[in-house]
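# Examining the three-dimensional arrangement
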Amino acid sequence: QVQLVESGGGLVQPGGSLRLSCAATGRIFSMYDMGWYRRAPGKQRELVARITSGGTTNYADSMKGRFTISRDNAQNTVYLQMSNLKPEDTAVYYCYADILVLVTGRSDYWGQGTQVTVSS
């Protein structure tokens, strides 16, 4: 069984920074893409950023220059460093990982979500 556990959300003032972490645990054979989505109140889920196993990244346009995604393959962990946060960044942030588990195969796994609130 695979679990993704997120941490690092919270309340921050506009212009502030937060760092989210997401660690995958379980019977992991290989990990492929990892990334973050978010869902703001009343809006659809949207991609924030993703990173391949080789370190190639891509970001949603509104996050470019403010957010940085990284990963530690040895720790099966993905990070999202968020800077210059804006009220419109308020959302629940979900991490995901494309993971190969022996016997059960390859699938996307999701974290439980962590709330980020940007407010003065």
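For the structure, see preceding data.
Just so you know, these numbers come straight off a predicted model, no measurement behind them. (Residues numbered from 1 in each chain as written. Predicted model: local features only at pLDDT ≥ 70, side-chain atom pairs only at ≥ 80, totals over all residues. Heavy atoms only, no water.)

## What about the state of the cysteines?
- With the rule as written, the count across this model stands at 1 disulfide.
- Disulfide pairing is shown between C22 and C95; the S-S distance is 1.9 Å. Residues C22 and C95 share a disulfide whose torsion about the S-S bond is about 45°; that sign makes it right-handed. With a gap of 73 residues between them, C22 in strand β3 (residues 18-26) and C95 in strand β9 (residues 91-101) connect regions that are remote in the sequence. Considered together, C22 and C95 belong to a single accessibility category, that of buried residues. (Disulfide = S-S within 2.5 Å. Helix = DSSP H or I, 4+ residues; strand = E, 2+ residues; numbered from the N terminus. Buried < 20%, exposed > 50% of the residue type's maximum accessible area, 1.4 Å probe, protein only.)

## Section: the pattern of salt bridges
- Tallied over the full model, the rule gives 5 salt bridges.
- Note that E46 and R38 form a salt bridge whose closest N and O atoms lie 2.7 Å from each other.
- E46 gets classed as partly exposed once you look at its relative accessible area, which sits at 32%.
- Overall, R38 belongs to the buried group, its relative accessible area being 5%.
- The partner of D89 in a salt bridge is R38, with the nearest N and O atoms 2.9 Å apart. In this pair, D89 is assigned in the loop between β8 (77-82) and β9 and R38 in strand β4 (residues 30-39), connecting sequence segments 51 residues apart. (Salt bridge = Lys/Arg side-chain N within 4 Å of Asp/Glu carboxyl O.)

## Structural notes on the environment of L11
- Mapped onto the secondary structure, L11 falls in strand β2 (residues 10-12).
- Note on L11: relative accessible area 64%, which makes it exposed.
- The sequence separation of L11 and C22 amounts to 11 residues, and the corresponding C-alpha distance is 18 Å.
- Each residue touching L11, except ones within four places of it in the same chain, is listed here: T117 and S119. (Contact = heavy atoms within 4.5 Å.)

Coordinates in, geometry out; function isn't part of it.
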